[in-house]
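Below are the chains, spelled out letter by letter.
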Amino acid sequence: MKSLFTYCLLWLSLSPALSFGQPALRQLSLQEVIALAQEQSAVAKQVETTRETSYWEWRSFKAGYKPQLSVEGILPDFSRTFNPVTQPDGTLEFKPVTNNFSEVGLTLQQVISPTGGSIFVTSLMQRFDDFDRTQTRYNGNPAIIGFEQPLFAYNKLRWAKRIEPLRYEESRKQYVEDLEEIAVTATGLYFDLLLAQVNQGIAAKNLANNDTLYQVAQEKYKLGRLSKNDLLQLRLAVLNAGLDQAQAVLDAQTALLALKTYVGLRDSLELQLQVPEDVPEADIQPVVALAEAHKNRKESLNFQRRLLEAESGVAKAKGDNGFNASVYATFGLTNRGEKWRDIYEQPDNQQRAQIGFSMPLLDWGRQRADYKVAELNQKLVQHTVAQEEASFEQAVITQVNQYNTLKNRIRATSEADAIAQERYEIAKSMYLIGRISITDLNIALAEKDQARRAYIASLSGFWDAYYGLRQLTLYDFEKQEVLATKAEE
């Protein structure tokens, strides 16, 4: 009893140290790793920054079509110099001149996108100070209403209003695609580590089994029931299993570092990954996947935008190389005085109208060449878009077929894994009683390991195809809903 009590005390004192020496484990599923990668990885932060940039670019574009209020001025413009002045007798005298000029104006402007013109309202005040003569004069325009309109020219405002909304919608869909790309990459790294951990487990188990068989074989050899060749073969199997285990540990450490670096885990915890065996049951039809891809992906918007940009290029080449004219007109009030209040007392009318034009007479075919280049570029974009659209549809169909094939393959590889594991246990038992040779045992061992790796590889291929299909369609086939887009209202 005293010895038992002493042993218990010793165990209680050593158990905290033993548990402290063991590395802490954190179990993670595939979905948890993907969620971590989409929330805290460096790539996710880059994607979020790109999304915010696109949003504020869109805000800037919309603000350009709203009324713009600005103030401009010169405060001050001081000058002290000597100016030449011709005298009555014809001689020239340099007289000192010291003055200051100040100006401030407030302008409200609104662009007109359908026509490409603009209207504006301006209020302007000027002050002139002559320090040599101690004089101050004011000049100003209490209010001026103006209008400026290009004629026959390329209307950049109208084309931008058609193109930029498509570009912004592209950026919103691109954000979701980038998140799904993170899921695809995280899935690949997840299964790299999972396969490395499986190989590490296989290597450790094989080393233990081979060591046990070798110990039994030594006893058989002493009794003369086993040849030395078989004994040496088992010893060689133990040595090879030890080498395999060392390599498996190194591979697992490398895969663990790669996954934690990508996901953004900075702790020192060891990860124990779960085998994601619960796969979606429903088959996916290519027609459904294609319809969702055309509706949700950015490609449809991208094709429309590029065709519009090519059409815009033709319109620009046509508008910039022909007869151009513009109309400029203002109507307002103006006045002057010795005090600033004089400007607003009975101001006079002020009008201005201007029509300008330009027309090339001799350009040696430059206009025609520019227009032809824009026209051919439009045709090239049309052909390229048609080819890319066909390639995109082919990629979606291929991904659907791969998804369905790999989903069906999982059942076969899972059953093969279970059979190979059971067969090896039977083979090991039969070898111990001398019913089969060491060669047959090694064949069963190799088939067991190969079947386990094939099962993990089939799971890896399936989940890679699953998240790849989500990225190509931006559709969640489990929940049967479109993947949400984060967007500011």
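Data block above holds the structure.
Residues numbered from 1 in each chain as written. Predicted model: local features only at pLDDT ≥ 70, side-chain atom pairs only at ≥ 80, totals over all residues. Heavy atoms only, no water.

Asks: I'd like a rundown of the pattern of salt bridges, residues and numbers included.
Replies: Evaluation of the coordinates by the stated rule reveals 27 salt bridges. Measuring nitrogen to oxygen at the nearest pair gives 2.8 Å for the salt bridge that ties Arg167 to Glu309. Of this pair, Arg167 sits in helix 4 (residues 156–222) while Glu309 is found in helix 7 (residues 298–320), placing the two residues 142 residues apart along the sequence. For Glu309, a relative accessible area of 28% translates into the label partly exposed. A salt bridge links Lys260 to Asp267; the shortest N-O distance between them is 3.2 Å. According to the relative accessible area criterion, Asp267 is partly exposed, its value standing at 31%. Among the charged side chains, a network of salt bridges with common partners joins Glu164, Arg167, Glu170, Arg305 and Glu309. (Salt bridge = Lys/Arg side-chain N within 4 Å of Asp/Glu carboxyl O. Helix = DSSP H or I, 4+ residues; strand = E, 2+ residues; numbered from the N terminus. Buried < 20%, exposed > 50% of the residue type's maximum accessible area, 1.4 Å probe, protein only.)

Asks: Lay out the sheet that holds strand 7 (residues 324–337) with the relevant residues and their values.
Replies: If you walk across this open sheet you meet the six strands as 2-3-4-5-7-8, and the pairing is antiparallel. Strand pairing shows two members of the sheet lacking a second neighbour, strand 2 (68–86) and strand 8 (348–358), which therefore form its edges. Taking each pair of neighbouring strands and ignoring which way they run, the sheet shows an average axis angle of 20 degrees. Where strand 7 lies against strand 8, 11 bridges are found, and the strand directions are antiparallel. If you follow Val327 over to strand 8, its bridge partner there is Ile355. (Pairing = 2+ DSSP bridges. Axes fitted to C-alpha atoms, helices over the stretch in contact; angles between N-to-C directions.)

Asks: If you had to explain the side chain of Lys407 to someone new, which residues and values would you point to?
Replies: Structurally, the position occupied by Lys407 is in helix 8 (residues 366–432). For Lys407, the side chain forms a polar contact with the side chain of Asp283, separated by 2.7 Å. Discounting residues that sit within four places of it in the chain, Lys407 has contacts with Pro280, Glu281, Ala282, Asp283 and Phe462. (Polar contact = N/O pair within 3.5 Å; in protein donor to acceptor, adjacent residues only side chain to side chain. Contact = heavy atoms within 4.5 Å.)

Asks: Before we move on, can you summarise the packing of aromatic side chains with the specific residues and values?
Replies: Inspection of every chain in the model, using the stated rule, returns 15 aromatic pairs. When the ring of Tyr475 is compared with that of Phe477, the centres are 5.0 Å apart and the planes differ by 75 degrees; the resulting orientation is edge-to-face. The class of Phe477 is buried, set by a relative accessible area of 15%. Each member of the aromatic cluster is reached from another via a ring pair, and the members are Tyr403, Phe462, Trp463, Tyr466 and Tyr467. (Phe/Tyr/Trp six-rings, centres within 6.5 Å; stacked < 30°, edge-to-face > 60°.)

Asks: Quick one: what's the story with the nonpolar core, residue by residue and with numbers?
Replies: If you look at the biggest cluster of nonpolar residues, it comprises 57 residues, and the most contacted ones within it are Phe191, Leu259, Leu271, Leu273, Val396, Trp463 and Tyr467. The set of elements that each furnish at least two residues to this core consists of helix 2 (30–40), helix 3 (42–63), helix 4, helix 5 (228–263), strand 6 (270–273), helix 6 (286–296), helix 8 and helix 9 (438–473). When residues of this core are assigned to their parent elements, the largest contribution, 15 residues, is made by helix 4. Residues contacting Trp463, with those up to four places away along its chain left out, are Leu30, Gln31, Thr187, Phe191, Pro276, Asp278, Val279 and Pro280. Counting 15 residues, the second largest nonpolar core, distinct from the first, contains Leu226, Tyr424, Ile436 and Leu445. (Core = buried A, V, L, I, M, F, W, Y, C linked by side-chain atoms within 4.5 Å.)

Asks: An account of the packing of helix 3 against helix 4 is requested, with residue identities and associated values reported.
Replies: Packing of helix 3 against helix 4 brings their axes to within 10 Å, and their N-to-C directions diverge by 165 degrees. Taken together, the axes of helix 3 and helix 4 lie roughly antiparallel to each other. The two elements helix 3 and helix 4 cross, and the hand of that crossing is left-handed. Where helix 3 abuts helix 4, its residues Val43, Ala44, Val47, Glu48, Arg51, Ser54, Tyr55, Trp58 and Phe61 lie against Ala160, Lys161, Glu164, Pro165, Tyr168, Ser171, Tyr175, Asp178 and Ile182. Classifying every residue of the contact of helix 3 with helix 4 by side-chain character gives 11 nonpolar, two polar and five charged. (Parallel < 35°, antiparallel > 145°, perpendicular 65-115°, else oblique. Left-handed = near helix turned anticlockwise from the far one by under 90°. Nonpolar A, V, L, I, M, F, W, Y, C, P; charged D, E, K, R; others polar.)

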